[in-house]
Amino acid sequence: MDFKSAVLGRYNARIYKSRKDHIVEVKDGVEQKIAANTRAVPGIMTNRGCCYAGCKGVVVGPLKDTCVITHGPIGCGFYSWGTRRNKARPDSDGNNYIQYCFSTDMQEADIVFGGEKKLKRAIDEVMAIFKPKRIMICSTCPVGLIGDDIHAVASQVEKDYGVTCVAFSCEGYKGVSQSAGHHIANNGLMKKIIGTDDSGTITGHTVNLLGEYNIGGDGWETERLLRKIGYNVVAVFTGDGSVADIARSHRADINLVQCHRSINYVAEMMKTAFGTNWLKVNFIGLKAIAKSLRDLAVFFGDSQLVERTEMVIAEEVAAVEPEMTALKARLNGRKAAIFVGGSRSHHYQELLLDYGVETVLAGYEFGHRDDYEGREVIPDIKEDADSKNIENLVVEPDRRYRAFLSPERFQELKETIGLEEYAGLIRAMGDGSWVVDDLNHFETEEMIKVLKPDVFFSGIKDKFVVQKAGVLCRQLHSYDYSGPYAGYSGALNFGRDLTMGLFAPAWKMIDPPWREATHA
């Protein structure tokens, strides 16, 4: 019995109809269509987060020079604080606000009588204690239900204190997952932050790093590589990032997109408004890193940059290759399943292949069809009622618009390095592997029984359920307090952690329940 039959055969007719198109077996040479970005089935244990989690927890939360206030119950603020391990160093003024959890701690009375005054008092307190130059407000479910006007409060704060204050109406119930929150955050950054600073001089080959949240220090390792080659990293969206840098990000020559889902809106809007080209990159896995760096050098067309890129790649590979080869000897032939958000389910397959580990199943918590099938399907995606809850921000060419490439050069690079293209997850998967959108707990248990992966890469919600079944589960949302895993040294860290986990003696002491039970 294959994986899809094992799962769907246990569902009733209604659930069967809902889930059957979310599970796809990859077949070489066959174009695959998958259902995605639809509501999870009520009552099923989904791993998804909410719209607020996508906005505050993912995109704006890692900004270090900004006090991000959660307007809502304290549980929402605490949930989105400190769990993703977004590392940051203090800015030039010595500020690093991501170590704090700011919340209005709404109570029943605030929900009955309104919370705008409490929000304003909270901001007054933040200004008195921390004196930040920037404040952001993220709303949670009760705020949208009672109608608090957080945008009016933000406008008043800007008048009272002369600071930048941005409000995000990212109530948790909007959209079908945290993906809606990414979109709302992207819109807010584009409206209020990007392109607001033309001061100073920016020189050299300039890049922005988009969709990098510096989990466990990933962004620092990627920046180190880029700067070692000679690039000037203007802004990072948003790991160890700052509003001050993002305000001048429109002046960079190119945007490098790491996490496609969470930040592609900004990449597209900056292309329209400022002419900034974007390139999908992956700094996870040795071959993927080398390809990304080489493609970037080709974009600039500088022979010295190409030469420097090859020198750095050779130097970095030489430093990690001996130990990675030894680790591969122990890991080769293992099987893995990956189910996380963003582009990680795609990216980490490249790193696993460096160690001879095959990916038998992969999927996204909040992916859209283009994340799976490639961007060419975007015109065919039908907008549903949930998608219409999110503003589709329309931008116009800015007075500072500049085309870095001629039309002929752009078309050439589109064909050679995939400029402004993304082929999606499915094309990267091996024949006979499985792609599952919005994998739930029941399907996870069935996957372990049928596909028998040696390791499952996921999040905290199912980590210990999987490990009680006798299968190692490593978090790719927070790296289990390890990392970085990006870059060349990160690839070595990953191999060490994976080897340590798989060869831990604990797994010999666990008897998975299905060894004794007959599979129905």
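Small disclaimer: the values here were computed from a predicted structure and weren't measured.

Rules used in this analysis
Residues numbered from 1 in each chain as written. Predicted model: local features only at pLDDT ≥ 70, side-chain atom pairs only at ≥ 80, totals over all residues. Heavy atoms only, no water. Pairing = 2+ DSSP bridges. Helix = DSSP H or I, 4+ residues; strand = E, 2+ residues; numbered from the N terminus. Contact = heavy atoms within 4.5 Å. Axes fitted to C-alpha atoms, helices over the stretch in contact; angles between N-to-C directions. Buried < 20%, exposed > 50% of the residue type's maximum accessible area, 1.4 Å probe, protein only. Right-handed = clockwise from strand over helix to strand, strands pointing away. Expected span 1.5 Å × (residues − 1). Phe/Tyr/Trp six-rings, centres within 6.5 Å; stacked < 30°, edge-to-face > 60°. Lys NZ or Arg CZ within 6 Å of the ring centre and 35° of its normal. Parallel < 35°, antiparallel > 145°, perpendicular 65-115°, else oblique. Left-handed = near helix turned anticlockwise from the far one by under 90°. Nonpolar A, V, L, I, M, F, W, Y, C, P; charged D, E, K, R; others polar.

Some points on the sheet that holds strand 5 (residues 164-168)
- Spatially, the four strands line up as an open sheet ordered 3-2-4-5, and their pairing is parallel. One side of each edge strand has no neighbouring strand; the edge strands of this open sheet are strand 3 (102-103) and strand 5.
- When strand 4 (residues 134-139) meets strand 5, the two strands line up parallel, connected through five bridges. Bridge pairing in strand 5 links Arg 134 to Thr 164.
- Lying over the sheet, helix 3 (residues 51-60) contacts strand 2 (67-71), strand 4 and strand 5, oriented at roughly 155° with respect to strand 4.
- The strands touched by helix 9 (residues 179-192) within the sheet are strand 4 and strand 5, with strand 5 carrying the most contacts at an inclination of about 150°.

A word on unusual backbone geometry
- Here the bond from Phe 237 into Thr 238 is cis, since omega is 0°, no more than 30 degrees from zero.
- Its location among the elements puts Thr 238 in strand 7 (residues 231-238).
- With omega at 0°, the peptide bond leading from Gly 483 into Pro 484 counts as cis.
- Here Pro 484 shows up in the loop between strand 14 (472-475) and helix 20 (487-502).
- One non-glycine residue, Asn 37, adopts positive backbone phi at about 55°.
- Within the secondary structure layout, Asn 37 lies in the loop between strand 1 (23-25) and helix 3.
- In this model, Arg 85 sits at a positive phi of 60°, which is unusual for a non-glycine residue.
- Its place among the elements puts Arg 85 in the loop between helix 4 (74-79) and strand 3.
- By relative accessible area, Arg 85 is classed as buried at 16%.

Things to note about the pairing of strand 10 (residues 335-340)
- By the criterion of burial, strand 10 is predominantly enclosed, with five of the six residues buried.
- Across six bridges, the pairing between strand 10 and strand 11 (residues 358-364) is parallel. Within strand 11, the position partnered with Lys 335 by the bridge is Glu 358.
- Crossover strand 10 to strand 11 through helix 15 (residues 344-354) is right-handed.
- In this sheet, strand 13 (residues 455-458) lies alongside strand 10 in parallel orientation, the contact comprising three bridges. Residue pairing in the sheet places Ala 337 in a bridge with Phe 456 of strand 13.

Structural notes on helix 12 (residues 260-274)
- Under the 1.5 Å per step criterion, the end-to-end length of helix 12 is 19 Å for 15 residues, consistent within 8% with the ideal 21 Å.
- Within helix 12, 13 of the 15 residues are buried, which leaves the element mostly enclosed by the surrounding structure.
- Directly after helix 12, the chain includes Gly 275, whose backbone phi takes a positive value near 80°.

A short note on the packing of aromatic side chains
- Using the criterion set out here, one finds 16 aromatic pairs in the structure.
- Ring geometry for Phe 102 and Phe 130: centres 5.3 Å apart, planes at 85°, overall edge-to-face. With a gap of 28 residues between them, Phe 102 in strand 3 and Phe 130 in helix 6 (residues 116-130) connect regions that are remote in the sequence.
- Of the residues examined, Phe 102 reaches a relative accessible area of 10% and is grouped as buried.
- Taken together, Tyr 348, Phe 457, Tyr 479, Tyr 485 and Phe 494 form an aromatic cluster joined through their ring pairs.
- Looking at Lys 280, its charged tip hangs above the ring of Tyr 422, at a distance of 5.2 Å from the centre.
- Arg 330 extends its terminal NZ or CZ atom over the ring of Phe 503, reaching a point 4.0 Å from the ring centre.

What to know about the packing of helix 3 against helix 9
- Relative to each other, helix 3 and helix 9 sit at 55°, their axes nearing to 6 Å. When the interaxial angle is binned, helix 3 and helix 9 end up oblique. Crossing handedness for the pair helix 3 and helix 9: right-handed. On helix 9, the residues touching Cys 51, Gly 54, Cys 55, Val 58, Val 59 and Val 60 of helix 3 are Ala 180, Gly 181, His 182, Ile 184, Ala 185, Asn 186 and Leu 189.
- Of the residues belonging to the contact of helix 3 with helix 9, the class tally is nine nonpolar, four polar and no charged.

Some points on the sheet that holds strand 8 (residues 254-257)
- Taken together, the four strands give an open sheet; going across it, the order is 7-6-8-9, and neighbouring strands pair in parallel fashion. Every interior strand has two partners, whereas the edge strands, strand 7 and strand 9 (277-280), have only one. Pairwise comparison of adjacent strand axes, ignoring direction, gives a mean angle of 25° for this sheet.
- Along the sheet, helix 12 makes contact with strand 6 (205-212), strand 7, strand 8 and strand 9, crossing strand 6 at roughly 140°.

Overview of the pairing of strand 2
- Of all five residues in strand 2, five are buried; the element is thus mostly enclosed.
- Judged by which residues are buried, strand 2 turns out to be covered on both faces: Cys 67, Ile 69 and His 71 on one side and Val 68 and Thr 70 on the other are all buried.
- Looking at chain direction, strand 2 and strand 4 are connected through five bridges and run parallel. What sits directly across from His 71, in strand 4, is Ser 139.
- Where strand 2 and strand 3 come together, two bridges link them in parallel fashion. The residue of strand 3 that forms the bridge with Thr 70 is Ser 103.
- For the crossover that starts at strand 2, traverses helix 4 and ends in the parallel strand 3, the hand is right-handed.

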